[in-house]
Amino acid sequence: MGKPKVVLGVSGGIAAYKACELLRRLTESGHDVRVVPTASALHFVGAATWSALSGNPVSTEVWDDVHEVPHVRIGQHADLVVVAPATADTLAKAAHGLADDLLTNTLLTARCPVVFAPAMHTEMWEHPATQENVATLRRRGAVVVEPAVGRLTGVDTGKGRLPEPAEIFEVCRRVLARGVTEPDLAGRHVVVSAGGTREPLDPVRFLGNRSSGKQGYALARTAAARGARVTLIAANTGLPDPAGVDVVQVGTAVQLREAVLKAAPDADAVVMAAAVADFRPAAYAAGKIKKKDGQDPDPIVLVRNPDILAEISADRPRSGQVIVGFAAETDDVLANGRKKLERKGCDLLVVNEVGERKTFGSEENEAVVLGADGSETPVPYGPKEALAETVWDLVALRLN
Ligand code: CTP
């Protein structure tokens, strides 16, 4: 089998320089990359750079090497087309099927998965015209990753930044690995909670847990690569935002609940991967708690936190919604998991055995996914992404 063939479409935005890094990552990981810039992209990065980095010829128009019929062949032979950055203009052309240069022709002839990584000013991204074009492209099965929030060209900040090349590369790798042209979560909105809540005692101390957030982030990344719009509610993870995902940062269980209840009414699936503190200190000391000479410390009185998973499972924010919980157990894993699934009332429960080898923060995981329908899906020890893919397989089965 030859190298996977990737077409890297580059349209005319300042973020074109970041596509050089994406190109390097693709070529260094064994992909044969053909860069197809638009004419305006060449104002930002010249053809010589694209050609030297890809080792392939570069043209913007359909009139070069016409005998090779490039306007048809490049798209036909591709295993993946990724457009990064995708400007508002390129998204509009793609949505409407215009074909006035080599990139837009390639988009019409490609029968492989297509990923768009938009980058533009916030106003252009939020304009109804752009939003409708993005919705059209997603409906047709393209993966459109959400732009990141941050510094834009000049002094502006807001939503519209091209996600980091490493993150776009991860999306490409996953889309290629799945090799599907119809992402099964396209047009779906999923909410994922990740990390661990912190319950403050005073301005400098909190009760927390060891959850790293990696499993939740793997869920968010894989859902985005399968075409979903993803809201990731992150509690104290310190991890970089995954590409194409809306990230809401929270601290405590009460904040996490608010964020979930806000996002859930519009969601097709909610996955509660976060480790939510069951209790919080009854009182918060506005000043730092000091030790007193010769005196024992005051006991910490705890109160119950709301159980978010049980709450949304009992009172579904949207009918037909699939709700997934996580459980970490040390003994009688399956029996305890079954009981928890019933108690919480969710549709799926991912049960992990926690112990010596299976520490928090690791890159790997092993689990059994229990279904309210009595199903049991074991997931062997392996990357957290593999477990995430199984969760989405089971969610997609229930949605479709
Ligand atoms: N969870 C939640 N709200 C809480 C606590 C937990 O939504 N206040 C969710 C977690 O995100 C996870 C699932 O519930 O998806 C399992 O949490 P866990 O703490 O293991 O469940 P408990 O019922 O508290 O069981 P245990 O007594 O074993 O702690």
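Residues numbered from 1 in each chain as written. Predicted model: local features only at pLDDT ≥ 70, side-chain atom pairs only at ≥ 80, totals over all residues. Heavy atoms only, no water.

### So, the pairing of strand β11 (residues 229-235)
Thought 1: Taking burial as the measure, the seven residues of β11 include six buried ones, the bulk of the element.
Thought 2: By the bridge criterion, seven bridges tie strand β8 (residues 189-195) to β11 in an arrangement that is parallel. Bridged to H189 within β11 is R229.
Thought 3: The pairing of β11 with strand β12 (residues 245-250) spans six bridges and is classified as parallel. In the strand pairing of β12, L232 is matched with V247. (Buried < 20%, exposed > 50% of the residue type's maximum accessible area, 1.4 Å probe, protein only. Helix = DSSP H or I, 4+ residues; strand = E, 2+ residues; numbered from the N terminus. Pairing = 2+ DSSP bridges.)

### Remarks on the UniProt feature "binding site: CTP" (unreviewed entry) in the protein chain
Thought 1: If you check UniProt for "binding site: CTP" (unreviewed entry), the listed places come out as D278, K288, P306, D307, I308, L309, F326, K340 and K344 in our numbering. With the annotated positions falling across 67 residues, the maximum pairwise C-alpha distance of 37.7 Å shows that they are not confined to a single cluster.
Thought 2: Following the sequence through the fold, L309 ends up in helix α12 (residues 308-314).
Thought 3: Those residues in contact with L309 that sit more than four places away from it in its chain are M272, I323, V324, G325, K344 and C346.
Thought 4: Sequence-distant contacts of F326, that is, excluding residues within four places in its chain, are made with Q215, L219, V271, M272, A273, L349, V350 and N352. (UniProt positions renumbered as here; feature names shortened; annotations may be inferred. Contact = heavy atoms within 4.5 Å.)

### Regarding the sheet that holds strand β4 (residues 114-118)
Thought 1: Judged by pairing direction, the sheet is parallel, and its five strands sit side by side in the order β2-β1-β3-β4-β5 without closing on themselves. Two strands bound the open sheet, and with one partner strand each, they are β2 (32-37) and β5 (143-144).
Thought 2: Inspection of the sheet shows strand β1 (residues 5-10) paired to β2 by six bridges, in the parallel sense. Directly across from V7, in β2, lies its bridge partner R34.

### Here's the deal with the nonpolar core
Thought 1: Counting residues in each nonpolar core, the largest one holds 34 residues, and the members touching the most others are L219, V230, V324, V350, W392 and V395.
Thought 2: Within the residue set of this core, elements represented by two or more residues are β8, α10 (214-225), β11, β13 (269-272), β16 (322-329), β17 (348-353), β18 (364-371) and α14 (384-399).
Thought 3: Take this core: its biggest share by element is eight residues, from α14.
Thought 4: Setting aside residues up to four positions removed in sequence, V230 forms contacts with V190, A220, A223, A224, V245 and D246.
Thought 5: Core analysis: the second largest hydrophobic core is formed by 33 residues, V6, L80, V143 and L176 among them. (Core = buried A, V, L, I, M, F, W, Y, C linked by side-chain atoms within 4.5 Å.)

### Looking at the sheet that holds β16
Thought 1: Taken together, the eight strands give an open sheet; going across it, the order is β12-β11-β8-β13-β16-β17-β18-β19, and neighbouring strands pair in mixed fashion. Looking at strand neighbours, the two that pair on one side only are β12 and β19 (376-383), the edges of this open sheet. Put simply, the sheet's adjacent strands are angled 20° from each other on average, direction ignored.
Thought 2: Across five bridges, the pairing between β17 and β18 is antiparallel. Bridge pairing in β18 links L349 to L370.
Thought 3: Along the sheet, α14 contacts β8, β13, β16, β17, β18 and β19; its crossing angle with β19, the most-contacted strand, is approximately 150°. (Axes fitted to C-alpha atoms, helices over the stretch in contact; angles between N-to-C directions.)

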